[in-house]
Amino acid sequence: QKEVEQNSGPLSVPEGAIASLNCTYSDRGSQSFFWYRQYSGKSPELIMSIYSNGDKEDGRFTAQLNKASQYVSLLIRDSQPSDSATYLCAVKPMNTGFQKLVFGTGTRLLVSP
Amino acid sequence: NAGVTQTPKFQVLKTGQSMTLQCAQDMNHNSMYWYRQDPGMGLRLIYYSASEGTTDKGEVPNGYNVSRLNKREFSLRLESAAPSQTSVYFCASSAPHGDTQYFGPGTRLTVL
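Just so we're clear, the structure is a prediction, and the values are computed from it rather than from any experiment.

A. Focus on the overall build of chain B. Across its full length, chain B holds 0 helices and 11 strands. At 13 Å, chain B has a C-alpha radius of gyration in line with the 13 Å of a compact globule built from 112 residues. Projecting the C-alpha coordinates of chain B onto the three principal axes gives extents of approximately 40 × 25 × 25 Å. Counting only residues that meet the buried cut, chain B has 49% of its 112 residues in that class. Residue pairs in contact within chain B that sit at least 24 positions apart in sequence constitute 54% of those at least 6 positions apart. Counting every atom, chain B has about 5200 Å² of accessible surface; 49% of that belongs to carbon and sulfur.

Shown next, in the form of structure tokens:
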């Protein structure tokens, strides 16, 4: 079992719809969770971080964390073609003793006009 | 602030050649990282440096060496490049006690 798993996609949604991206992780003691966006040919950029169970909203983005079920999700409301990118889920496992992150392989999102 | 910078942006090597990838950050971060990204494999940690003067192996260190030259700079060296090292290499940094990592623009390396 991979430490961080994501569906590779592509996830296709029409403009204006809600895109839902999911991620599961194996280390039950993980405490920190991140969503990065990566445009083709570019570097990852942080969208959101979440540390507590529940929802965290930032503009059109909402991160959801459920530690009991070991999943974290990212909702993008009113999706725009400019949201088309690969979204990377990253988790800081409890036992690393350092700020090492484990990344999923990413989900490719395509938003059609 | 330039953030995290990397040089070169692109590089083509022949098998057996050596080269050094350079990384620098101007955010006064203590910790720095080197990743490689391959299709279907995601980001994999090669080496990291918790602070100036320390380096440790990550998930895929074989074939690489690193130097933490000072607080700002962290270089990655390929002593004898192999085709399996064809990849996109990213450098990242993070603040003390912070989990968020900030990435450089990447180096696209092709080994023929």
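B. Examining the sheet that holds strand S6 (residues 54–58) of chain A more closely. Residue and element names in this part refer to chain A. Across the sheet, 5 strands lie side by side as S1-S3-S8-S7-S6; this open sheet has antiparallel pairing. Edge positions in the open sheet fall to strand S1 (4–5) and S6, since each of these has one partner strand only. As judged from the 6 bridges shared by strand S7 (residues 61–66) and strand S8 (residues 71–76), these two strands associate in the antiparallel manner. Pairing of Gln64 across the sheet is with Ser73, part of S8.

C. Fine view of the interface of chain B and chain A. Taken together, the 25 residues of chain B in the interface contact 19 residues of chain A. Summed over both partners, the interface of chain B with chain A buries about 1600 Å², with 57% contributed by carbon and sulfur atoms. Its largest share of buried area at the contact with chain A, chain B owes to Leu43, Asp99 and Phe103 of chain B, together 33% of the area lost on that side. Our count for the contact surface shared by chain B and chain A stands at 0 salt bridges. Viewed at the interface, chain A and chain B are joined by 3 residue pairs in polar contact (both at pLDDT 80 or more). At the level of elements, strand S4 (31–38), strand S5 (42–49) and strand S9 (87–94) of chain B are the ones that each hand at least two residues to the side of chain B that touches chain A.

Reading the values: rules and limits
Residues numbered from 1 in each chain as written. Chains lettered and ligands numbered in written order. Predicted model: local features only at pLDDT ≥ 70, side-chain atom pairs only at ≥ 80, totals over all residues. Heavy atoms only, no water. Helix = DSSP H or I, 4+ residues; strand = E, 2+ residues; numbered from the N terminus. Rg over C-alpha atoms; globule rule 2.2 N^0.38 Å. Buried < 20%, exposed > 50% of the residue type's maximum accessible area, 1.4 Å probe, protein only. Contact = heavy atoms within 4.5 Å. Areas by Shrake-Rupley, 256 points an atom, 1.4 Å probe, with all protein chains shown as cover. Pairing = 2+ DSSP bridges. Buried area = accessible area lost by both parts, 1.4 Å probe. Salt bridge = Lys/Arg side-chain N within 4 Å of Asp/Glu carboxyl O. Polar contact = N/O pair within 3.5 Å; in protein donor to acceptor, adjacent residues only side chain to side chain.

So yeah, pure geometry; function would need other evidence.
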